[in-house]
Amino acid sequence: MKILGISAYYHDSAAALVEDGTIVCAAQEERFTRKKHDASFPRNAIGFCLDYAGLSMAQLDAVVFYEKPLLTFERLLETYLSFAPRGFTSFARAMPVWLKEKLYLKQILKKHLADQAGDAPPPLYFSRHHQSHAASAFYPGPFQEAAVLCMDGVGEWATTSAWLGRGKQLEPLWEVDFPHSLGLLYSAFTYFCGFRVNSGEYKLMGLAPYGKPVYADLVREKLVDIKPDGTFRLNMDYFDYCTGLRMTNKAFAALFGGPRREPETDISQREMDLAASVQQVTEDIVLRLATTLKKETGQKNLCLSGGVALNCVANGLLHRQGLFEEIWVQPAAGDAGGALGAALAYWQENNPGERFVPEGQDTMQGAYLGPAFNDGDSAADLERLGAVVQTLADDELPAHIAGLIDRGKVVGWFQGRMEFGPRALGGRSILGDPRSPEMQRTMNLKIKYRESFRPFAPSVLAEHAAEVFSGCPDSPYMLLVMPVSEGLRYPRDESRSGLEQINLSRSQLPAITHVDYSARVQTVHRETNPRYHALLEAFHELTGCPVLINTSFNVRGEPIVNTPEDAYRCFMRTEMDYLVIGNLLLDKAAQPPWSEQDDWRETFELD
């Protein structure tokens, strides 16, 4: 049975192909269109999936959409009626779009699929939004049984849902419904602090350690009523997302001493403290919800999905609490992963056999589910661009690149299949030396062209992770924040506060150690990414350090690169020193001058 799952029309459109329960491939539309968080019909991602599997659309048994649009329309109508006459402007803007397009989404999807098939498309089915999230969390996970917790902005109605997974059965337990949403609470603070909703939440998380949670009690008192079991209700007097075109209103601004920060202006102590406060409240809610789920199900394992599951600080705290023996987070936890979950849910419901779970491992294949390019095709693409290339043998590549990084060079690393989800995991990465005190600032300002406070994540050899990060479990998808080991830390400089702390070295690995001595860890395994593992081994042998800086191969506002041409373009636009594509090595100093007709900084919207 061949099943295509798709997500679209909100953010992070994607397609995923499942064949007889095995994940064959998956990709986000943004990687092909070069439009970050692209919400359009995932024509290119679908085309990739079919080409990769050697299938035509007619050979599919089913196409499954990740949510039910009519239920979403029901929510919108009920919400507008509940708040009437407030929100008429928003209602007047939304209804023509729904009445013209989204209300007829089934017909629109069928037309898109028929256009792409060139014939009658396969049957189209619909999954519920949180069912797709839950399926993406449980079915590819490494457990026969687990509690499942999904948290996001909103699906049709659900914003938080709890499930029990046993074998192929996924049983819904309870949910919290719109407008009471942990994801939207966090997004409201993202908006108020001047970052972009559905894009800048991870910036708020990175900013939080620079502040103090001085507003946390005020948030609990005025904005969110948290019950002992973790369920919650928001005070809608302070939010505008039900009735307006903004996340927060004047009452919210008055509560926190003035209007929202304008994007791209200086970040004040208030924003840092707001970030710290909402992060603390979020962690409190997540811990209470998880505790309740543990008590209700008695399960020893927990699976997480939904956009809030990308809050790796909360995930790390949840791990350290020891409520569950093991925690597994879907690497594409946001809406992109809904495409995969929709396909897997349909398979499990319509497959008469039992679900197969490999002992002790998930079935995500390291999240390397996207396109790959051979050296011949890559060389031809680079030749058309006028690039100067040399070729390294397999056995000399790791040591050579490790030597470049040891000398302070920044390397673009383009290898194998592209990652599915928001994290670069050694397939489409920019690498640097974590021991360098200047590297965080250099890579933020000269390579990524982004805010200087943003931390960089470490990749570490899985077999050495516990030496570098205290109590570090397996974390292949970079979704757990863990503390840097005490023996590597430098004493805290109490004379600095706020963003004054950016340039302080906090450990022997200053470029990956955040201001609170934490790091978002990726453990690298020989089984899932042998070439990246070999590079880390070579760097370890050369320097004694089993860690590299790993940041996504893109500049601010750009999706992660997909093709060799994308990689070369990004390489030439930035101050990266070297680029490695397969066995092909490119030295920036040897490349011809690079010029473009348009300024690329205006091509990508700020995130």
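Residues numbered from 1 in each chain as written. Predicted model: local features only at pLDDT ≥ 70, side-chain atom pairs only at ≥ 80, totals over all residues. Heavy atoms only, no water.

Some points on helix α7 (residues 182-192)
Okay, step 1: In terms of burial, α7 is a largely internal element, eleven of the eleven residues being buried.
Okay, step 2: Sitting at the amino-terminal end of α7 is Ser 181, which places a side-chain oxygen 3.3 Å from the backbone nitrogen of Gly 183.
Okay, step 3: Just downstream of α7 lies Gly 194, where phi reads positive at about 90°. (Buried < 20%, exposed > 50% of the residue type's maximum accessible area, 1.4 Å probe, protein only. Helix = DSSP H or I, 4+ residues; strand = E, 2+ residues; numbered from the N terminus. Polar contact = N/O pair within 3.5 Å; in protein donor to acceptor, adjacent residues only side chain to side chain.)

Considering the environment of Asn 562
Okay, step 1: Looking at the secondary structure, you find Asn 562 in the loop between β19 (547-552) and α19 (564-573).
Okay, step 2: Residues contacting Asn 562, with those up to four places away along its chain left out, are Arg 31, Phe 32, Arg 34, Pro 371, Phe 373, Phe 414, Met 418 and Arg 428. (Contact = heavy atoms within 4.5 Å.)

Topic: the state of the cysteines
Okay, step 1: Evaluation of the coordinates by the stated rule reveals zero disulfides.
Okay, step 2: With no disulfide of its own, Cys 150 has Cys 303 as its nearest cysteine by sulfur position, at a separation of 9.3 Å.
Okay, step 3: Taking the relative accessible area as the measure of exposure, Cys 150 reaches 0% and is therefore buried.
Okay, step 4: This cysteine, Cys 545, is not joined by any disulfide, and Cys 472 carries the nearest cysteine sulfur, 14 Å off. (Disulfide = S-S within 2.5 Å.)

So, the packing of aromatic side chains
Okay, step 1: Here the structure, examined in full by the defined rule, presents 22 aromatic pairs.
Okay, step 2: With a centroid separation of 6.2 Å and an interplanar angle of 35°, the aromatic rings of Phe 32 and Phe 48 are classed as tilted. Of this pair, Phe 32 sits in helix α1 (residues 30-33) while Phe 48 sits in helix α2 (residues 43-53), and the two are 16 residues apart along the sequence.
Okay, step 3: Both rings, one in Phe 48 and one in Tyr 52, keep their centres 5.8 Å apart while their planes meet at 50°; by these two values the pair is tilted. One end of the pair, Phe 48, and the other, Tyr 52, are both in helix α2, four residues apart, so they sit about a helical turn from each other.
Okay, step 4: Judged by its relative accessible area of 10%, Phe 48 is buried.
Okay, step 5: Take Tyr 52: its relative accessible area is 40%, and that puts it in the partly exposed class.
Okay, step 6: Three or more aromatic residues joined by ring pairs make a cluster, and in this case those are Phe 178, Phe 189, Phe 192, Tyr 215, Phe 239, Tyr 241, Phe 252 and Phe 256.
Okay, step 7: In this structure, Arg 428 is placed above the aromatic ring of Phe 414, and the distance from its NZ or CZ to the ring centre is 3.8 Å.
Okay, step 8: Here the basic side chain of Lys 588 rests over the ring of Phe 571, its NZ or CZ set 4.6 Å away from the ring centre. (Phe/Tyr/Trp six-rings, centres within 6.5 Å; stacked < 30°, edge-to-face > 60°. Lys NZ or Arg CZ within 6 Å of the ring centre and 35° of its normal.)

Side note on the sheet that holds strand β3 (residues 22-28)
Okay, step 1: The five strands are arranged β3-β2-β1-β4-β5 in an open sheet whose pairing can be described as mixed. What marks the edges here is a single partner per strand, and that holds for β3 and β5 (124-126). Looking at each pair of strands side by side, their axes are set apart by 20° on average, direction ignored.
Okay, step 2: Running over the sheet, α2 touches β1 (2-7), β2 (14-19) and β3 and is turned about 145° from β3.
Okay, step 3: Its contacts with the sheet place helix α13 (residues 335-350) against β1, β2, β3, β4 (62-65) and β5, and it is angled at close to 150° to β1. (Pairing = 2+ DSSP bridges. Axes fitted to C-alpha atoms, helices over the stretch in contact; angles between N-to-C directions.)

Re the pairing of strand β14 (residues 411-414)
The side chains of a regular strand alternate, residue by residue, between the two faces of the sheet.
Okay, step 1: Both faces of β14 are covered, namely the face carrying Val 411 and Trp 413 and the face carrying Gly 412 and Phe 414.
Okay, step 2: One ladder, built from four bridges, connects β14 with strand β15 (residues 428-432); its direction is antiparallel. Residue pairing in the sheet places Trp 413 in a bridge with Ser 429 of β15.

Comments concerning the side chain of Thr 574
Okay, step 1: Along the chain, the position of Thr 574 falls in the loop between α19 and β20 (578-581).
Okay, step 2: Using a relative accessible area of 5% as the deciding quantity, one classes Thr 574 as buried.
Okay, step 3: Once you skip the residues sitting within four places of it in the chain, Thr 574 turns out to touch Lys 446, Ile 447, Tyr 449, Val 555 and Lys 588.

Here we look at helix α12 (residues 312-321)
Okay, step 1: Where α12 is concerned, the buried positions are Cys 312, Ala 314, Asn 315, Gly 316, Leu 317 and Leu 318.
Okay, step 2: Buried residues belonging to α12 abut α8 (201-207), α11 (269-297), β11 (301-305), β12 (326-329), β17 (480-483) and β18 (518-524).
Okay, step 3: Remark: Gly 322 follows α12 within two positions and exhibits a positive phi of approximately 70°.

Comments concerning the packing of helix α15 (residues 397-406) against helix α18 (residues 530-543)
Okay, step 1: With their axes 8 Å apart at the nearest point, α15 and α18 run at an angle of 55° to one another. It follows from the interaxial angle that α15 and α18 lie oblique. Here α15 runs over α18; the crossing is right-handed. Across from Leu 397, Pro 398, Ala 399, Ile 401, Ala 402, Gly 403, Ile 405 and Asp 406 in α15, the residues of α18 making contact are Arg 531, Ala 534, Leu 535, Ala 538, Phe 539, Leu 542 and Thr 543. (Parallel < 35°, antiparallel > 145°, perpendicular 65-115°, else oblique. Left-handed = near helix turned anticlockwise from the far one by under 90°.)

Shape descriptors only; they carry no functional weight alone.
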